[in-house]
Amino acid sequence: MTVWDDLVGQEKVSAVLDAAARDADALVTAAAADEPPPTASKMTHAWLFTGPPGAGRNQAARAFAAALQCVSPDRALGGVPGCGFCDGCHTALLGTHADVTTVAAVGSEILVKDMRDTVRKSFTSPANGRWQIILVEDAERLNEKSANAVLKAVEEPAPRTVWLLCAPSVEDVLPTIRSRCRHLTLRTPSVEAVADMLVRRDGIEPEVAASVARATQGHVDRARRLATDPAARERRAAVLKLPLRLDEVGACLRAAQELVDAAAEDARQLAEEMDGKETEELKAALGAAQGGRLPRGTAGVIKDLEDMQKRRRTRTQRDSLDVALGDLTAFYRDVLALQLGTRVAIANADAGEALERLARAGAPESTLRRIEAISACREALDRNVAPLLAVEAMTMALRAG
């Protein structure tokens, strides 16, 4: 299994990255032998991966990072970088490689204080790997100050440093940054490709794999979660029942509260898994005995961790809500397809009775207004509107049609 096997339906992108990894390997080999670098290299110091949600932007960037750090002995015999089995590939894919730094948004933005140490590290030589790699998973969430910090590092990078930026679209990234990056666009994988991956890689039954791949419209991570997590299937089923419940104002308000509560529960579960462990590890690193007092002057460090955890809980809640809103959008899109009599494949075939009922009860114009109401709710959440207020406004608009 090579590192490219996780990229579903991205053959062109895989070919480009494979060629760049080969040239990068030649650059490192030439430098070690004190020889001139090869000409016309396909390798560059900064890359921008864009594509719709679920296309695998972060997976593509991490696979490339693994290929760049590959230390397989087969390379000396002409093997391709990115074997997937050596220590360099394995640790890079797991996120534990010393020379692969990952930056992800904890809250709604990547703050400049979160980037300072990373930018500083980008100017150092690799500790034990072949390249110093900085992977920014949410480049669209860089605020003005943190984006400027990244720009300075991308403009004048160290010789063995590679920046890998991931964002939904080119327009989401500062023009001065994207102009210094090589751009790769990923596409939404086909339903058939996602279903095939679930069967081959996860052992999912073909019928289940086809159903969840169709329901998520090619979103690889969500398809895998639906196929393997009963709780995720239950939450989706509850969301798809919501349009039939909005017959009065009280029902709209209750449905909104349930959506927000379910998202908050997701955030709480993640916090239970991570917050306590992070706090204890930090206290131990600061020299506090188990259950004992912290050394003087360290309270600020603990406060910073608590602030970060709070931002992460908020982000998790909003991400969970966004998943539910995506399911609702797909539901009404199916309703619209039935009303217009198109040949577009129905994503939510398991909710066929509800789709038929709503399609008969309304007009395409009202369905479009409902889809617009869901989009307005997502935009309101992006502007940090209180989740309950935004979702209540949406459910009332869904009722009005």
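**Q** Just give me the short version of the packing of aromatic side chains, but keep the residues and values in it.
**A** Applying the stated criterion across every chain yields a total of two aromatic pairs. When the ring of Trp47 is compared with that of Phe64, the centres are 5.0 Å apart and the planes differ by 70°; the resulting orientation is edge-to-face. A residue pair is termed long-range when its members are at least 10 positions apart, and Trp47 in strand 1 (residues 46-50) and Phe64 in helix 2 (residues 57-68) qualify at 17 residues. Taken as a pair, Trp47 and Phe64 share a single burial class, namely buried. Arranged with centres 5.6 Å apart and planes meeting at 90°, the rings of Phe331 and Tyr332 form a pair that is edge-to-face. When its relative accessible area of 0% is taken as the criterion, Phe331 is described as buried. In this structure, Arg160 packs its charged tip against the face of Trp131, placed 5.9 Å from the ring centre.

**Q** Give me the lowdown on empty space enclosed by the protein, citing residues and values where you can.
**A** Tallied over the entire structure, the rule returns one cavity of 30 Å³ or more. One number sums up the size of the largest cavity: a volume of about 30 Å³. Tyr332, Val335, Gln339, Leu358, Gly362, Ala363, Ser366, Thr367 and Arg370 together form the lining of the largest cavity. Only helix 12 (299-340) and helix 14 (364-382) provide two or more residues apiece to the lining of the largest cavity.

**Q** Account for the pattern of salt bridges, with residues named and values stated.
**A** Counting across every chain of the model gives 21 salt bridges. Of the charged contacts, one joins Asp117 and Arg120 as a salt bridge, the two residues approaching to 2.6 Å between their closest N and O atoms. Placement of both Asp117 and Arg120 in helix 4 (residues 112-122) is noted, with a separation of three residues, approximately one turn of the helix. We classify Asp117 as exposed; its relative accessible area is 56%. Arg200 serves as the salt-bridge partner of Asp196, at 2.7 Å between the closest nitrogen and oxygen. Of the two residues, Asp196 and Arg200 are both situated in helix 7 (residues 191-202); the distance of four residues between them amounts to about one turn of the helix. Classification of Arg200 as exposed rests on a relative accessible area of 55%.

**Q** I'd like a rundown of the packing of helix 7 against helix 9 (residues 220-228), residues and numbers included.
**A** One can describe the packing of helix 7 onto helix 9 by two numbers: an axis separation of 10 Å at closest approach and a directional angle of 55°. Classed by the angle they form, the pair helix 7 and helix 9 counts as oblique. Classified by chirality, the crossing of helix 9 by helix 7 is right-handed. Taking contact as the criterion, the partners of Val194, Met197, Leu198 and Asp202 in helix 7 are, on helix 9, Val220, Ala223 and Arg224. Of the residues assigned to the contact of helix 7 with helix 9, the class counts are five nonpolar, no polar and two charged.

**Q** Give a detailed account of helix 14, specifying residues and quantitative values.
**A** Between its first and last C-alpha atoms helix 14 spans 27 Å; for 19 residues at 1.5 Å apiece the expected length is 27 Å, and the two agree. Among the residues of helix 14, those classed as buried are Ser366, Thr367, Arg370, Ile371, Ala373, Ile374, Cys377, Ala380 and Leu381. Among the residues trailing helix 14, Asn384 stands out with phi positive, at a value near 65°.

**Q** Please set out the sheet that holds strand 1 residue by residue, giving values where relevant.
**A** Here five strands make up an open sheet; going across it, the order is 2-3-4-1-5 and the pairing parallel. Two strands close off the open sheet at either side, each with one partner strand: strand 2 (100-103) and strand 5 (182-185). Neighbour to neighbour, the strand axes of the sheet diverge by 15° on average, direction disregarded. Note: strand 2 against strand 3 (residues 132-136), four bridges, orientation parallel. Bridge pairing in strand 3 places Val103 opposite Val136.

**Q** Any details on the nonpolar core? Residues and values, ideally.
**A** Within the largest apolar cluster, 35 residues are counted, with the highest numbers of intra-cluster contacts made by Leu17, Trp47, Phe49, Phe64 and Leu164. Looking at this core, the elements that each hand over two or more residues are helix 1 (11-32), strand 1, helix 2, helix 3 (87-94), strand 3 and strand 4 (161-167). If sequence neighbours within four positions are ignored, Phe64 has contacts with Trp4, Leu17, Ala20, Ala21, Met43, Trp47, Phe49 and Leu164. Of all hydrophobic cores here, the second largest spans 31 residues; its members include Ala255, Ala324, Leu328 and Ala380.

What counts and what doesn't
- Residues numbered from 1 in each chain as written.
- Predicted model: local features only at pLDDT ≥ 70, side-chain atom pairs only at ≥ 80, totals over all residues.
- Heavy atoms only, no water.
- Phe/Tyr/Trp six-rings, centres within 6.5 Å; stacked < 30°, edge-to-face > 60°.
- Helix = DSSP H or I, 4+ residues; strand = E, 2+ residues; numbered from the N terminus.
- Buried < 20%, exposed > 50% of the residue type's maximum accessible area, 1.4 Å probe, protein only.
- Lys NZ or Arg CZ within 6 Å of the ring centre and 35° of its normal.
- 1 Å grid on protein atoms, 1.4 Å probe; cavity = no way out; pocket = protein on both sides within 12 Å on 5 of 7 lines; lining within 4 Å.
- Points joined across faces, edges and corners; volume = space filled by probe spheres on them.
- Salt bridge = Lys/Arg side-chain N within 4 Å of Asp/Glu carboxyl O.
- Axes fitted to C-alpha atoms, helices over the stretch in contact; angles between N-to-C directions.
- Parallel < 35°, antiparallel > 145°, perpendicular 65-115°, else oblique.
- Left-handed = near helix turned anticlockwise from the far one by under 90°.
- Contact = heavy atoms within 4.5 Å.
- Nonpolar A, V, L, I, M, F, W, Y, C, P; charged D, E, K, R; others polar.
- Expected span 1.5 Å × (residues − 1).
- Pairing = 2+ DSSP bridges.
- Core = buried A, V, L, I, M, F, W, Y, C linked by side-chain atoms within 4.5 Å.

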